[in-house]
Amino acid sequence: MVLEVLALFPRLAPFKVITLDDVWDQWNRSFMFIMTVLFGSIVTIRSYTGSVIECDGFLKVPVEFAKDYCWTQGIYTLREGYDYHSSILPYPGVFPEDVPGCLDKILDNGGRIVCPLDKKYAKFQRVYHSWYQFTAFYFWTASCAFFLPYMMFKFFGMGDLKPVISMLHNPVETAEELDMLTKKAARWLYVRVHAYIHTDQYYGKRVEKHLLFFSIMLTKSCYLLFSVILFWLTEKMFHIGSFMSYGLDWAAEESEPGEDYKSLIQDKLFPKMASCEIKRWGATGIEEEQGMCVLAANVINQYLFLIYWGGMVITVIVNVLSVLIALSNLCFIEGAYRNLLATAFLRDEPAYSEIWRKSGTSGRVILQLIAKNVNPKIFEHVLNELVNLLRMADRSGFDSRAEEEDEFVHPDNEMEFEDTL
């Protein structure tokens, strides 16, 4: 099953000829989706096709029972056992709980340091590490979260646009065939744009005219919301150390090695050695036995989550910028129009501006996507044919600034279609 999933990756490549979403969204639904699926596959294979935990020190129970018990019930470390010299505590967070909190000391001058009574000391605080039980499911859920907004994006009208763009990408052999395809695309555009411009219904003016833009904003908002929630949930998985600053702390440790008494951030988040306590019914009632367990998988997990941390930081920043850029396209209509002209190498014609201003955000989104994905010359022919269709439908007042004529003929339209092949 994993191999079948990985075989689908070429279909998710962000560098396709036809893309309906921008590079910001492609980072989420391509790069982050593939990364979380890959990490989920690695963790799943590692967790369920071999020994992931080894335990020792249990004399009253079988070894396999101890391993299964500690895996399911959770291992723990002691919060007070970190940031000590390695000669005192070789394994961060792991030491016997029955050690005295203080020992009396005799000084060189004959003085004596007397410790308070043990009952005055607070008990050591256990910190249970059970996140490893659902790490595989976490990555699979994250992969769904990164791809779900793209499915919503296609559902809310964007899926209808791709066949039109694909049609204009089909190889043609004659100028007549190219002319036929551009006229088909122009007629499809005409149905949409004419409805946006001339609708008098409340639903059409308030909803249909801006539905595509709202779907884009919903998609981008979901990407941002899901990435923030995943970051926050990952932070809540760990109880010692912070995942929010995981990469920064690791980089600081590598650039400025600390003293031996400082526990590494990866040892706090991903303990390789931990304690386990087994409670079971015995001859005298509930019997307790403590031992130690090794989590070798955390050697790999600490690097997987480091890469994941870097991807999540970039993703949150990218999604914030994506939302701001989308809002700027809504607020700065003239700037977005100039960007369209630059993308398609168009001259600023009054008819183009009229369509851009009156077709609403839905019409502007459609024009931007077609201009981004087709040859500029073909897009110009489609746009000119659209102007002709709109004028024939409403000669009286569609473009009051343009000269009255039967058809809008751009000077470059006199060129033969063979130039575009």
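Below is a summary of the structure that appears in this document.

The rules behind these values
- Residues numbered from 1 in each chain as written.
- Predicted model: local features only at pLDDT ≥ 70, side-chain atom pairs only at ≥ 80, totals over all residues.
- Heavy atoms only, no water.
- Helix = DSSP H or I, 4+ residues; strand = E, 2+ residues; numbered from the N terminus.
- Expected span 1.5 Å × (residues − 1).
- Buried < 20%, exposed > 50% of the residue type's maximum accessible area, 1.4 Å probe, protein only.
- Polar contact = N/O pair within 3.5 Å; in protein donor to acceptor, adjacent residues only side chain to side chain.
- Salt bridge = Lys/Arg side-chain N within 4 Å of Asp/Glu carboxyl O.
- Contact = heavy atoms within 4.5 Å.
- Core = buried A, V, L, I, M, F, W, Y, C linked by side-chain atoms within 4.5 Å.
- Disulfide = S-S within 2.5 Å.
- Arc of directions from axis to C-beta.
- Patch = residues over 30% accessible without salt bridge, like charges linked within 9 Å, V, L, I, M, F, W, Y side chains within 5 Å.
- Areas by Shrake-Rupley, 256 points an atom, 1.4 Å probe, with all protein chains shown as cover.
- Phe/Tyr/Trp six-rings, centres within 6.5 Å; stacked < 30°, edge-to-face > 60°.

**Thoughts on helix α15 (residues 376–393)**
Its 18 residues give α15 an end-to-end C-alpha distance of 26 Å, which sits within 8% of 26 Å, the value for a rise of 1.5 Å per residue. Taking burial as the measure, the 18 residues of α15 include 14 buried ones, the bulk of the element. Where α15 begins, the side chain of Asn375 points an oxygen toward the backbone nitrogen of Lys377, at a separation of 2.8 Å.

**Re the pattern of salt bridges**
Following the criterion strictly, the structure yields 13 salt bridges and no others. Among the salt bridges present, the one from Asp22 reaches Lys220, with a minimum N-O distance of 2.6 Å. Placement of Asp22 in the loop between α1 (2–6) and α2 (23–48) and of Lys220 in helix α8 (residues 211–237) is noted, with a sequence separation of 198 residues between them. Looking at Asp22, the relative accessible area reads 25%, which means it is partly exposed. Between Arg338 and Glu334 there is a salt bridge, with the nearest N and O atoms lying 3.1 Å from each other. Of the two residues, Arg338 and Glu334 both sit in helix α12 (residues 333–344), four residues apart, roughly one turn of that helix. Within this structure, Asp22, Asp25 and Lys220 form a network of salt bridges that share partners.

**Some words on the side chain of Thr135**
Relative to the helices and strands, Thr135 is located in helix α4 (residues 135–155). With sequence-adjacent residues up to four places away left out, Thr135 is seen in contact with Val43 and Phe305.

**Regarding the nonpolar core**
By size, the foremost hydrophobic cluster in this structure holds 93 residues, and its most contacted members are Ile75, Tyr246, Phe305, Tyr308 and Phe379. With nine residues, the single largest contributor to this core is α4. Discounting residues that sit within four places of it in the chain, Phe379 has contacts with Leu340, Ala344, Leu346, Leu367, Ile370, Ala371 and Val374.

**A few points about the state of the cysteines**
What is meant by a disulfide is a covalent connection between two cysteines, made through their sulfur atoms. What the rule picks out here adds up to two disulfides. Between the sulfur atoms of Cys55 and its disulfide mate Cys293 the distance is 2.2 Å. Across the S-S bond linking Cys55 and Cys293, the dihedral sits near 105°, which makes this disulfide right-handed. Taken together, the residues span a long stretch of sequence, with Cys55 in strand β1 (residues 54–56) and Cys293 in strand β7 (residues 285–294) at a distance of 238 residues.

**Describing helix α5 (residues 161–169)**
Three or more residues of α5 are buried, namely Leu161, Val164, Ile165, Met167 and Leu168. Viewed along the axis of α5, the buried residues span an arc of 155°, placing them on a single side of the element. Against α6 (175–198), α14 (360–373) and α15 lie the buried residues of α5.

**Looking at a nonpolar patch on the surface**
A cluster of nonpolar side chains, namely Ile317, Val320, Leu321, Leu324, Ile325, Leu327 and Leu330, defines an oily patch on the protein surface of about 540 Å² accessible area. Tracing the chain through its elements places Ile325 in helix α11 (residues 298–331). Under the relative-accessibility criterion, Ile325 is labelled partly exposed at 35%.

**Brief notes about the packing of aromatic side chains**
For the structure shown, the criterion picks out 30 aromatic pairs. Ring geometry for Phe238 and Phe305: centres 6.0 Å apart, planes at 85°, overall edge-to-face. Remark: Phe305 occurs in helix α11 and Phe238 occurs in the loop between α8 and α9 (246–255); sequence separation between them is 67 residues. No difference in accessibility class separates Phe238 from Phe305, as the two residues are buried.

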